[in-house]
Amino acid sequence: VAREQALADAERPTGRFDPGRRIGGYEIVRLLGEGGMGAVFLARRTDPQFQQLVAIKLVRSALPSAVALARFDGGSTEEGLPYLVLEFVEGLPIDRFVDERGLTLEARLDLILAVAAGVEHAHGHLVVHRDLKPGNILVTGDGVPKLLDFGIAKLVGGDEAEPERRTSTRVLTPAWASPEQILGRPITTATDVHALGLLLYRLLAGAHPFERDEGNAIATARAICELEPVKPSLAAV
């Protein structure tokens, strides 16, 4: 209960994770965003000899994976909430970037190819991201996409190779999940490839291929598992 209350407070700018609160060797500056996986804060290193801005993610319920802890700094707050210290990137989510910049079809394809190259690099090291979505792909002012938040990444063939059968152990974003994630089946690199397909559809058609009601995760999950998407040319808005 204390953990859940602490996270609920963290997700409110007026909660106990207000600016000035320290987490590890960092001091919170402000709330950057929140979602089903937790809350993300902009923070600065408190060491006067080394100045650095970072993004600190407080993870909801599930502990960060071994891959994430090995890749990033991390630990637990006084309330026992796990957190990850991530790179802070100044940029826009990829879907907002292409829309606000009015990018051409060719430019959008170039951008998704750059993202795919980053995903391929991760797969080459047997790492599956598992949570590819616009909010985790920020594009800098000079047009460089940054793939963020490997907080729930896993190693192919690692300890998490068994099906995730209990709903309480599954961590995903329903609209951007693959059928095997939704059904609790083994995760492979195909999970990220599926998400890249959803992302490409969004960048080209301006819509999500399955999501019709943002508040209805069950309907979206069912559509992902059971329906064929509308052709992008017909869905373009």
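Please refer to the structure placed before this passage.
Let us look at the structure shown here.

The rules behind each value
Residues numbered from 1 in each chain as written. Predicted model: local features only at pLDDT ≥ 70, side-chain atom pairs only at ≥ 80, totals over all residues. Heavy atoms only, no water. Helix = DSSP H or I, 4+ residues; strand = E, 2+ residues; numbered from the N terminus. Buried < 20%, exposed > 50% of the residue type's maximum accessible area, 1.4 Å probe, protein only. Lys, Arg positive; Asp, Glu negative; His and termini not counted. Salt bridge = Lys/Arg side-chain N within 4 Å of Asp/Glu carboxyl O. Contact = heavy atoms within 4.5 Å. Core = buried A, V, L, I, M, F, W, Y, C linked by side-chain atoms within 4.5 Å. Axes fitted to C-alpha atoms, helices over the stretch in contact; angles between N-to-C directions. Parallel < 35°, antiparallel > 145°, perpendicular 65-115°, else oblique. Left-handed = near helix turned anticlockwise from the far one by under 90°. Nonpolar A, V, L, I, M, F, W, Y, C, P; charged D, E, K, R; others polar.

### Description of the side chain of Asp192
Okay, so step 1: In this fold, Asp192 is placed in helix H6 (residues 190-205).
Okay, so step 2: For the buried Asp192, no salt bridge is present, and the opposite-charge side chain at shortest range is Arg130, 7.5 Å distant.
Okay, so step 3: Those residues within four positions of Asp192 in sequence are excluded, and the remaining contacts are Val119, His123, Val127, Val128, His129, Arg130 and Leu132.

### Digging into the nonpolar core
Okay, so step 1: In terms of nonpolar packing, the biggest core is built from 23 residues, with Ile94, Leu111, Val115 and Leu199 touching the most fellow members.
Okay, so step 2: The set of elements that each furnish at least two residues to this core consists of helix H3 (94-101), helix H4 (105-124), strand S9 (137-139), H6 and helix H7 (217-226).
Okay, so step 3: A per-element tally of this core places H6 first, with 5 residues.
Okay, so step 4: Setting aside chain neighbours within four positions, we find Leu111 in contact with Ile94, Phe97, Val98, Leu103, Val139, Gly143 and Pro145.
Okay, so step 5: Counting residues in hydrophobic clusters, the runner-up holds 13 residues, among them Tyr26, Phe41, Leu58 and Val85.

### Some remarks on the pattern of salt bridges
Two side chains of opposite charge can pair, provided their charged atoms sit close to one another.
Okay, so step 1: Evaluation of the coordinates by the stated rule reveals 7 salt bridges.
Okay, so step 2: With a closest N to O distance of 4.0 Å, Arg202 and Asp95 form a salt bridge. With Arg202 in helix H6 and Asp95 in helix H3, this residue pair connects regions lying 107 residues apart in the sequence. Residue Arg202 shares its accessibility class with Asp95, and that shared class is buried.

### Description of the packing of H3 against H6
Okay, so step 1: Their axes nearest at 10 Å, the elements H3 and H6 cross at an angle of 20°. It follows from the interaxial angle that H3 and H6 lie roughly parallel. The two elements H3 and H6 cross, and the hand of that crossing is right-handed. Of H6, the residues touching H3 (which contributes Ile94, Asp95, Val98 and Asp99) are Leu199, Arg202 and Leu203.
Okay, so step 2: Class assignment of the residues belonging to the contact of H3 with H6 gives a composition of 4 nonpolar, no polar and 3 charged.

On their own, these measurements won't tell you what the molecule is for.
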